[in-house]
Amino acid sequence: IVLFCIVLLAAAYLIYITQSRTAYIAFTAGLVIVCINKFKKRITYLITTSSKILLTVVVSMVLVIATTAGYYLFTMKQLSAVGRFMKLDITMQHINDHLITGTGLGMFTLYYPQWQSAYFSKTEVPPSNYYFSAGESYIIFNEFLQLFKEIGLIGFILTAIVLFYFFRLKSTENNALLLSLKSTVICILLCSFTSYPFHVNSLL
């Protein structure tokens with residue numbers, strides 16, 4: 001427990017120093033998963049024995065906290081956040097390009113600059129926040145959409161199937177290890193919404 005607390009405090013301090021929004025998300029998710037695994041029986045008991053009114057209040061509070069946290073993360077680096085929305089917007093305009101088979105691994109970095117250049121050349125009056133957020137970029141900070149564009153619909157479905165069966169894996173002998181592995185993968189997938197953990201082609 002002492003070692004866990006030391007690592008926890010060190011990680012929290014480093015995240016505070018770097019002000020990484022993705023790290024905030026991964027840290028929170030990891031902490032929640034650890035707490036759920038540790039106190040699963042007690043949490044289940046409280047949920048089943050508490051009144052509906054109390055559960056509604058708790059869920060509402062969680063939603064308010066999550067919304068407030070999301071707004072804080074957005075305004076922390078607002079120009080960067082707008083830039084990410086711009087990249088998603090431009091990529092979605094080309095969602096049907098190479099829909100079935102994708103552009104090929106690593107090829108998104110070739111196509112996106114062309115899409116962004118075409119967007120600004122064809123749009124007479126682009127949104128001012130898009131204009132100030134635009135720059136040389138080869139990634140869109142959303143691994144799911146970038147992966148979808150690179151491996152296509154077929155590859156994405158196969159990936160989803162592999163993940164589905166992975167999360168259904170069970171083990172009595174190595175249950176703790178399997179839970180840790182699944183928790184790590186969940187955190188990585190959460191990071192994928194705002195980062196690019198699989199950007200290296202060999203990992204893909």
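No experiment lies behind these values; they were computed from the predicted model shown.

Criteria and thresholds
- Residues numbered from 1 in each chain as written.
- Predicted model: local features only at pLDDT ≥ 70, side-chain atom pairs only at ≥ 80, totals over all residues.
- Heavy atoms only, no water.
- Core = buried A, V, L, I, M, F, W, Y, C linked by side-chain atoms within 4.5 Å.
- Buried < 20%, exposed > 50% of the residue type's maximum accessible area, 1.4 Å probe, protein only.
- Helix = DSSP H or I, 4+ residues; strand = E, 2+ residues; numbered from the N terminus.
- Contact = heavy atoms within 4.5 Å.
- pLDDT = per-residue confidence, 0-100.
- Polar contact = N/O pair within 3.5 Å; in protein donor to acceptor, adjacent residues only side chain to side chain.

Judged by nonpolar contacts, Val82, Met86, Ile90, Phe108, Tyr112, Trp115, Tyr119, Tyr130, Ile140 and Leu145 together constitute the single largest core of 10 residues. Per element, the largest residue contribution to this core is four residues, and it comes from helix α6 (residues 108–122). Residue contacts for Trp115: discarding those within four places in its chain leaves Ile90, Thr91, His94, Asp97, Phe108 and Lys149.

For the protein chain, per-residue confidence averages 87 on the pLDDT scale, and 97% of positions sit at 70 or higher. Summarising per-element confidence for the protein chain, the mean pLDDT is lowest in helix α7 (residues 128–133) (78) and highest in helix α8 (residues 143–167) (93).

Take Thr91: it is sitting in helix α5 (residues 78–92). A polar side-chain atom of Thr91 sits 2.8 Å from the main-chain carbonyl oxygen of Lys87. In contact with Thr91, other than residues within four places in its own chain, are Phe108, Tyr112, Trp115, Ile140, Leu145 and Lys149.

This next bit is on unusual backbone geometry. Non-glycine residue His98 carries a positive phi angle of around 55°. For His98, the position within the fold is in the loop between α5 and α6. Even without glycine at this site, Phe141 takes up a positive phi of about 60°. Within the secondary structure, Phe141 sits in the loop between α7 and α8.

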